[in-house]
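Now for the letters of each chain:
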Amino acid sequence: MPSKRDGSRTSGGWVGATRPGNFFQREMEHADECTYIFELKYTAKAKATKEKIASLKKEAIDQIEMYKTAIEFRDKQVKAYAMIFAGSECIYCA
């Protein structure tokens with residue numbers, strides 16, 4: 001039977017300073033993971049004016065900034081990209 005120092009198995013799980021697989025080490029192994037956000041915008045090719053593209057770009061950036069403030073992304077590394085399509089062609093990606 002493990003000592004209290006090493007942790008003790010109970011019917012409800014593990015009690016003590018350590019857990020199987022070293023819980024804290026597992027948390028640190030995932031510390032460098034990234035979360036990716038992709039915001040896609042679409043316009044018909046015939047409507048893809050400079051003004052329309054600029055408007056979609058601003059809308060996409062505003063939405064990404066809003067998404068990045070979500071509690072799910074707190075304390076996480078977030079990389080975000082906006083893509084605008086005119087018809088089937090990607091005309092903006094950043």
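Because the structure is a prediction, the values reported are computed rather than measured.

Criteria and cut-off values
Residues numbered from 1 in each chain as written. Predicted model: local features only at pLDDT ≥ 70, side-chain atom pairs only at ≥ 80, totals over all residues. Heavy atoms only, no water. pLDDT = per-residue confidence, 0-100. Contact = heavy atoms within 4.5 Å. Helix = DSSP H or I, 4+ residues; strand = E, 2+ residues; numbered from the N terminus. Patch = residues over 30% accessible without salt bridge, like charges linked within 9 Å, V, L, I, M, F, W, Y side chains within 5 Å. Areas by Shrake-Rupley, 256 points an atom, 1.4 Å probe, with all protein chains shown as cover. Salt bridge = Lys/Arg side-chain N within 4 Å of Asp/Glu carboxyl O. Buried < 20%, exposed > 50% of the residue type's maximum accessible area, 1.4 Å probe, protein only.

1. Considering the confidence of the model for the protein chain
Detailed reading of the predicted coordinates is not advisable wherever pLDDT falls low. For the protein chain, per-residue confidence averages 79 on the pLDDT scale, and 67% of positions sit at 70 or higher. Confidence drops under pLDDT 50 across residues 22-26; counting only partners more than four residues distant or on other chains, this segment forms two contacts.

2. Some thoughts on the side chain of threonine 43
Positionally, threonine 43 belongs in strand β3 (residues 34-43). Every residue in contact with threonine 43, bar those within four places of it in the chain, is listed here: Ala48, Lys52, Leu56, Phe85, Ala86 and Gly87.

3. So, a nonpolar patch on the surface
A surface patch of nonpolar side chains, about 350 Å² in accessible area, is lined by Tyr36, Phe38 and Leu40. Among the structural elements, leucine 40 can be located in strand β3.

4. With respect to the pattern of salt bridges
Here the structure, examined in full by the defined rule, presents four salt bridges. The partner of glutamate 89 in a salt bridge is lysine 45, with the nearest N and O atoms 3.3 Å apart. Placement of glutamate 89 in strand β5 (residues 89-93) and of lysine 45 in the loop between β3 and α2 (50-68) is noted, with a sequence separation of 44 residues between them. Here lysine 58 makes a salt bridge to aspartate 62, at a shortest N to O gap of 2.7 Å. Linking lysine 58 with aspartate 62, this pair stays in helix α2, spanning four residues, or about one helical turn. Assessed through its relative accessible area of 41%, aspartate 62 is described here as partly exposed. Beyond isolated ion pairs, a larger network of salt bridges with shared partners links Glu39, Lys41 and Glu59.

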